[in-house]
Number of protein chains: 2
Amino acid sequence: MAGVTLRDIARKANVSVNTVSRALNDKPEVSQQTKERILTIARELGYTRNLVARGLATQQSHVIGVVVSDNVNPYFAEVIRGISFVAQAKQWTIFLVNTYLSRSTERAAIETLAQYRVGGLIVFPLDWDQIEEYRRYGLPMVVAGARVPEDKRPAPFDVVAPDDRNGAREAVEHLIRTGRRRIYYCGPHEDSLSGAPRWQSYVEVMEEAGLKPALLPVSDVSAFEGYRHGMAWPDLEKADAVFAFNDLIAFGLARALTERGVRIPDDIALIGYDDVEFARYTSPALTTVRIPKETLGQQAATLLFQRIEGDFRKPSVEKILPTQLIIRETA
Amino acid sequence: MAGVTLRDIARKANVSVNTVSRALNDKPEVSQQTKERILTIARELGYTRNLVARGLATQQSHVIGVVVSDNVNPYFAEVIRGISFVAQAKQWTIFLVNTYLSRSTERAAIETLAQYRVGGLIVFPLDWDQIEEYRRYGLPMVVAGARVPEDKRPAPFDVVAPDDRNGAREAVEHLIRTGRRRIYYCGPHEDSLSGAPRWQSYVEVMEEAGLKPALLPVSDVSAFEGYRHGMAWPDLEKADAVFAFNDLIAFGLARALTERGVRIPDDIALIGYDDVEFARYTSPALTTVRIPKETLGQQAATLLFQRIEGDFRKPSVEKILPTQLIIRETA
DNA sequence: AGAATTAATGGTATCGTTCACGGGAGTGAT
DNA sequence: ATCACTCCCGTGAACGATACCATTAATTCT
């Protein structure tokens, strides 16, 4: 049914396969007349062009691979939307793979993408060491969501990341400015690639203000983790604010705290991170640090296409996107 | 760098390309000795197998296409996770495409997937008429998220859908049972493929109870739409409950109502739909109808693989997944 | 008019695999 | 010693497209 090939069309139109190819690709070296004839025959036969074969012949792909830890996280979902837009504009397709926070899955995912000879990769990495091995595939790659560690500069690939140091700083400073003193951080800390900058900034600001940092460590960044910690938190009364790694955790925390009769923000103020679409619809609406997620996706994709379309040599860039403190009702 | 082919390995190992292929695919027709020799050479050369070429040669793909309207919607995100699991177990990859509610994008998306010769499709359709044209590609296809309309049975493809008729019925009955009388429905209605069953059930139950149905029509199914309607709603005091098409709308509505000083559930009760992961963490926690989203994804994928692996003939099945009313705090 | 250019097409190799054959070497049976 | 059979491996043809080079016919130039 869909097994129609150029040859079939060629036979029926009494021309060579070559001419058919030219006609279908709208190349100028075919007469208008035969072009039209071929096109109608193609339509009649129900021809669908075979991008696999073309990919093999041209040695290039119109697909980019995108690797995230979990597409259910609205942060990634929105970034993907950004990538989607610029890819769609270029007529490229997206191979989406979730790693579900497993390093081995990440490895396998990238391997698969390389095997499909994707034109390039956008990766939200789990850690930095592992990502360097992916250079072995020789694919254009943009790393997104995390800045290059000091000691690894310059990185051998482009990077797009939010300015987390500053974002976290503003958040914590805002808490202090509004009179909070016993501020906890809830999230992953130094070991985590994306957690580190926020945690470090938090510690910095706290110490500058002569305050003691305190950590509620989570094992993943879901709402459930936030909830779990909120419910299990023993010395709740010691806190008057929490800065959460992301909005999901903040939501979970908020729920737990309200269940336990803590008033937000009166007893405990709460600041999230990401500014997920949803943050403005909760009650109270979540104060949070906005990451321009769609922009991040777009920039990553744009950078990637620049590499794909030629500039292998150009030194790698690290693009830092400004964050913005969005003050709503929880702090 | 990644341009190493079977030929390169063959040359270096002094065997034929064929033998290399056999070795790398771990076929029995190669001696253990040469197999190992070839494998180490492959590793040395940094060989990465080319799945595009293989796909062309074997005439089969290890990719399925998944078409949803917006992966940012947590409903789809969770379904995709379900699909992901069974695909990953089978070593298949997913081509994810968003239609963003545009029928022409849906058409184009499917076309592209067909051009890549994916092994099969899982589609969350925008409407029913259009989906029938996709048969022309002759691909195994599972339609998910919406039941077959009465007049279109039997459908020429497998279908997996939640039992929306019953889900909506339970929700509205619960509202009535708890003393609500002026119950509004907020969502898309008959024109919408997924909206229709919920709306119809709602109307049915209302009329059975001698109540008048009332519609707050939305143009898309986002939280923002819910919010907008909540804020713009003139005769708010006429209502004592809302049954929302999905959780997102419910969230938006809830926010708007609280902003306007309406107490939930005291003044207005609220029931959502889907039971998005997030629903249990809002305050008040959302009463909603659970769709087994991951299961839905898994079933769709399983059904698809059954088709792919052989059974073209078997009559198409329509699998209906039970929903469950989850009573929390908003109703 | 002859040469040079251009337009439209065809032939053939190629991309990197897999697959259906075929064949030689070795083993065991008759 | 012949036959049958298994074990390994190579040859050559796909798969469906594109690309380079060649060819013919028509057109333009001098």
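These figures come from a predicted structure and were not determined experimentally. (Residues numbered from 1 in each chain as written. Chains lettered and ligands numbered in written order. Predicted model: local features only at pLDDT ≥ 70, side-chain atom pairs only at ≥ 80, totals over all residues. Heavy atoms only, no water.)

1. Things to note about the domain arrangement of chain A
Parsing chain A into structural domains produces domain 1 (6-49), domain 2 (58-162 + 293-321) and domain 3 (164-291). For domain 1 of chain A versus domain 3 of chain A, the distance between C-alpha centres works out to 62 Å. (Domains from an automatic or database assignment.)

2. Thoughts on the sheet that holds strand β10 (residues 287-290) of chain B
The strands making up a sheet are joined through hydrogen bonds of the backbone, oriented either antiparallel or parallel. Residue and element names in this part refer to chain B. Read from one edge to the other, the open sheet built from 6 strands follows the order β7-β6-β8-β9-β10-β12, with strand pairing classed as mixed. Two strands in the sheet have a free side with no partner beyond their single neighbour: β7 (214-217) and β12 (324-326). Going across the sheet, the axis of each strand differs from the next one's by a mean of 20°, ignoring polarity. Where strand β6 (residues 183-187) meets strand β8 (residues 241-244), 4 bridges bridge the pair, whose relative direction is parallel. Among the inter-strand pairings, tyrosine 185 is bridged to a residue of β8, identified as phenylalanine 243. Helix-sheet contacts for helix α8 (residues 164-177) involve β6, β8, β9 (269-274), β10 and β12, and the interaxial angle to β9 is about 165°. (Pairing = 2+ DSSP bridges. Helix = DSSP H or I, 4+ residues; strand = E, 2+ residues; numbered from the N terminus. Axes fitted to C-alpha atoms, helices over the stretch in contact; angles between N-to-C directions. Contact = heavy atoms within 4.5 Å.)

3. Quick notes on the pattern of salt bridges
The full count for this structure, using the stated rule, is 54 salt bridges over all chains. Linking lysine 12 of chain B and glutamate 44 of chain B is a salt bridge whose minimum nitrogen-to-oxygen distance equals 3.9 Å. Of this pair, lysine 12 of chain B sits in helix α1 (residues 6-13) while glutamate 44 of chain B sits in helix α3 (residues 32-45), placing them 32 residues apart in sequence. Like lysine 12 of chain B, the residue glutamate 44 of chain B is exposed in the burial classification. Arginine 169 of chain B is the partner of glutamate 173 of chain B in a salt bridge, and the nearest nitrogen-oxygen pair spans 3.0 Å. Here glutamate 173 of chain B pairs with arginine 169 of chain B, and both are found in helix α8, just 4 residues apart, close to one helical turn. What you see here is one network of salt bridges that share partners, running through Arg165, Arg169, Glu173, Glu204 and Glu208 of chain A. (Salt bridge = Lys/Arg side-chain N within 4 Å of Asp/Glu carboxyl O. Buried < 20%, exposed > 50% of the residue type's maximum accessible area, 1.4 Å probe, protein only.)

4. Here we look at the pairing of strand β1 (residues 63-68) of chain B
All names here are of chain B. Within β1, 6 of the 6 residues are buried, which leaves it mostly tucked inside the rest of the structure. The side-chain alternation of β1 yields two buried faces, one formed by Val63, Gly65 and Val67 and the other by Ile64, Val66 and Val68. One ladder, built from 4 bridges, connects β1 with strand β3 (residues 120-123); its direction is parallel. Pairing of isoleucine 64 across the sheet is with glycine 120, part of β3.

5. Digging into the relation of the copies chain B and chain A
Laying chain B over chain A is done by rotating through 180° and shifting 0.0 Å along the axis; what remains is an RMSD of 0.1 Å. Here the symmetry operator amounts to a two-fold rotation axis. The rotation axis passes nearest to the C-alpha of phenylalanine 95 of chain B in chain B, at a distance of 2.6 Å. Counting the interface residues of chain B, we find that 100% of their copies in chain A are interface residues as well, pointing to one common contact surface. (Least-squares fit on C-alpha atoms with pLDDT ≥ 70 in both.)

6. Brief notes about empty space enclosed by the protein
To find the voids left in a structure, one rolls a probe of water-molecule size over its atoms. Summed over the entire model, instances satisfying the criterion amount to 1 cavity of 30 Å³ or more. The space that makes up the largest cavity amounts to roughly 30 Å³. Lining the largest cavity are Ile80, Ser84, Ile94 and Leu96 of chain A together with Leu96 and Asn98 of chain B. Listed by contribution, the elements that provide at least two residues to the lining of the largest cavity are α5 (74-89) and β2 (93-98) of chain A together with β2 (93-98) of chain B. For the lining of the largest cavity, a count of residues per class yields 4 nonpolar, 2 polar and no charged. (1 Å grid on protein atoms, 1.4 Å probe; cavity = no way out; pocket = protein on both sides within 12 Å on 5 of 7 lines; lining within 4 Å. Points joined across faces, edges and corners; volume = space filled by probe spheres on them. Nonpolar A, V, L, I, M, F, W, Y, C, P; charged D, E, K, R; others polar.)

7. Brief notes about the protein's contact with DNA strand D
Contacts to DNA strand D come from 26 residues, most closely from Leu6, Ser21 and Tyr47 of chain A together with Asn18 and Thr19 of chain B. Among the atoms of DNA strand D lying within 4 Å of the protein, the sugar-phosphate backbone contributes 66%. For DNA strand D, a base nitrogen lies 2.8 Å from a polar atom in the side chain of arginine 22 of chain B. Mapped by element, the contributors of at least two residues to the surface near DNA strand D are α2 (17-24) and α4 (51-58) of chain A together with α2 (17-24) and α4 (51-58) of chain B. With 5 residues, α4 of chain A is the largest single contributor of residues to the surface near DNA strand D. The residue makeup of the surface near DNA strand D, split by class, is 9 nonpolar, 13 polar and 4 charged. (Near = heavy atom within 4 Å. Polar contact = N/O pair within 3.5 Å; in protein donor to acceptor, adjacent residues only side chain to side chain.)

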